[in-house]
Amino acid sequence: MANDWKPRTKLVHTGSRRSQYGEMAEAIFLTQGFVYDTAEEAEARFEGIEGDAFIYARYGNPTTRMFEERIAAIEGTEDAFATASGMAAVNGALMAICKAGDRIVAARALFGSCLYILESILGRYGVEIVLVDGTDLDAWRAAVTPGTRAVFFESISNPTLEVIDIRAVAEIAHAAGALVIVDNVFATPMFSNVVELGADVVIYSTTKHIDGQGRALGGVICGTQDFVRGTLEPYMKHTGGSMSPFNAWIMLNGMATLDLRCRAMAETAWTIAGALRGDARLARVIHPFLDDHPQQGIAKAQMSAGGTMIAFELAAGKEAAFRFLNALEIVKLSNNLGDAKSIATHPATTTHQRLPQDQKDMLGISPGLIRLSVGLEDADDLVADIRRALDAI
Ligand SMILES: *Cc1c(COP(=O)(O)O)cnc(C)c1O
């Protein structure tokens with residue numbers, strides 16, 4: 001029955017487990033360990049034959065398990081493992097599957113820390129990393145040689161919102177025997193089902209839309225039971241990247257309103273993109289559903305809404321961008337995204353500051369580029385705030 005529920009019902013109820021008190025709200029099991037009635041019971045739990053039972057919070061915890069079951073139900077995967085942060089999830093998924101000599105092919109337009117894991121960490125251990133332009137299917141075809149261990153990409157890239165054709169890349173990867181690992185943060189769990197499109201493993205930084213209120217770090221890795229419990233869990237439980245039960249409780253509560261928040265934010269993002277379009281002070285406005293977005297067709301085919309993020313480029317460059325940012329009143333300057341509060345970021349000098357200039361040029365991270373994470377404020381107020389700040393440049 002619970003399997004037939006629609007997403008909004010699952011977001012509120014799936015995974016809930018109640019103690020003998022029958023509490024309404026999900027309980028926070030702030031406990032590192034669990035007490036066994038007998039030595040035999042302890043032995044059985046360590047042998048893994050006790051079923052739905054716990055040993056140590058690094059391995060699993062009832063509150064964390066509720067969150068894992070809820071997100072797996074939304075993603076349509078058999079299982080999920082919750083991690084301390086989005087980066088613990090990316091690191092765990094990649095480290096758990098790789099050995100020296102393996103080849104990973106990834107899209108070049110990645111979150112900076114993801115690039116660090118690939119090039120500086122996995123590279124150091126003898127994993128061959130090939131970076132491609134994620135929107136160029138011929139580049140994927142050329143790079144994904146038979147025996148490639150995995151392909152990795154963000155379904156929508158940060159900060160320039162390039163959209164990757166998940167179905168096409170998954171076909172290329174699967175033909176070579178490679179696992180398809182997708183970081184789906186920008187598309188959110190609500191707007192695209194990447195498993196249906198061919199992804200094997202889906203990763204979220206739950207710090208973003210799933211918390212949605214800027215309170216806690218978290219991450220999650222969704223996949224088959226075989227992958228999550230057989231391949232991933234041994235790596236995660238022994239290396240200590242598990243999510244804290246308190247943060248899992250925050251994420252569980254975030255899930256209940258996830259669909260409502262994402263849809264409201266996406267609607268406002270679309271309104272703002274429309275309002276900014278054609279403004280002479282902007283060299284470009286980027287939103288995946290706009291006509292002039294190079295992957296508009298793919299975006300519309302694989303997403304039910306265009307997302308909660310937009311980007312735009314001030315024609316007058318960095319000084320104008322800073323004057324714009326400093327004049328904003330409602331929109332906050334920060335680097336989180338998916339928050340109830342709208343957030344503007346200047347990628348070239350913050351999140352992507354350390355990228356070499358040629359990489360910035362290649363990824364379109366120009367001095368005038370602003371990334372905007374659209375929040376839950378009134379759309380008219382946000383448009384007015386942005387227009388006023390544009391006038392201030
Ligand atoms: C934020 C983010 C991460 C990292 O998540 P943390 O929770 O900050 O560790 C990874 N990938 C993408 C696309 C992100 O936006």
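No experiment lies behind these values; they were computed from the predicted model shown.

Criteria and thresholds
Residues numbered from 1 in each chain as written. Predicted model: local features only at pLDDT ≥ 70, side-chain atom pairs only at ≥ 80, totals over all residues. Heavy atoms only, no water. UniProt positions renumbered as here; feature names shortened; annotations may be inferred. Buried < 20%, exposed > 50% of the residue type's maximum accessible area, 1.4 Å probe, protein only. Contact = heavy atoms within 4.5 Å. Domains from an automatic or database assignment. Buried area = accessible area lost by both parts, 1.4 Å probe. Salt bridge = Lys/Arg side-chain N within 4 Å of Asp/Glu carboxyl O. Polar contact = N/O pair within 3.5 Å; in protein donor to acceptor, adjacent residues only side chain to side chain. Helix = DSSP H or I, 4+ residues; strand = E, 2+ residues; numbered from the N terminus. Near = heavy atom within 4 Å. Areas by Shrake-Rupley, 256 points an atom, 1.4 Å probe, with all protein chains shown as cover. Nonpolar A, V, L, I, M, F, W, Y, C, P; charged D, E, K, R; others polar.

Draft legend 1. Structural view of the UniProt feature "modified residue: N6-(pyridoxal phosphate)lysine" (unreviewed entry) in the protein. Mapped onto this structure's residue numbering, the UniProt feature "modified residue: N6-(pyridoxal phosphate)lysine" (unreviewed entry) falls at Lys-208. Exposure remark for Lys-208: the relative accessible area of 13% places this residue in the buried category. Other than its neighbours up to four places away in sequence, Lys-208 contacts Val-185, Asn-336, Leu-337 and Gly-338.

Draft legend 2. Region of interest: the domain arrangement of the protein. What the domain assignment lists for the protein is domain 1 (2–255) and domain 2 (259–391). On a C-alpha basis, the centroid separation for the pair domain 1 and domain 2 is 27 Å. At the junction of the two partners, domain 1 supplies 34 residues and domain 2 supplies 39 residues. Both sides together, the interface formed by domain 1 and domain 2 hides about 3,000 Å², and carbon and sulfur atoms give 63% of it. At the junction of domain 1 and domain 2, the tally comes to one salt bridge. Note that Asp-259 is salt-bridged to Arg-8, the shortest N-O span being 2.6 Å. On inspection of domain 1 and its partner domain 2, the count reaches 13 residue pairs in polar contact (both at pLDDT 80 or more). Listed by contribution, the elements that provide at least two residues to the side of domain 1 that touches domain 2 are helix 1 (7–13) and helix 8 (188–191).

Draft legend 3. Geometry of the site of the ligand. Lining the immediate environment of the ligand, one finds 13 residues, of which Gly-86, Asp-183, Ser-205, Thr-207 and Lys-208 sit closest. At 2.7 Å from an oxygen atom of the ligand is found a side-chain nitrogen or oxygen belonging to Ser-205. Interatomic distance of 2.7 Å between a side-chain N/O atom of Lys-208 and an oxygen atom of the ligand. Contact with the protein chains removes 92% of the 380 Å² of surface that the ligand exposes when unbound. Across the shell around the ligand, the residue classes break down as five nonpolar, five polar and three charged.

Draft legend 4. Looking closely at the environment of Glu-119. In this structure, Glu-119 sits in helix 5 (residues 112–122). Note on Glu-119: relative accessible area 46%, which makes it partly exposed. Sequence separation between Glu-119 and Val-130 is 11 residues; the distance between their C-alpha atoms is 9.1 Å.

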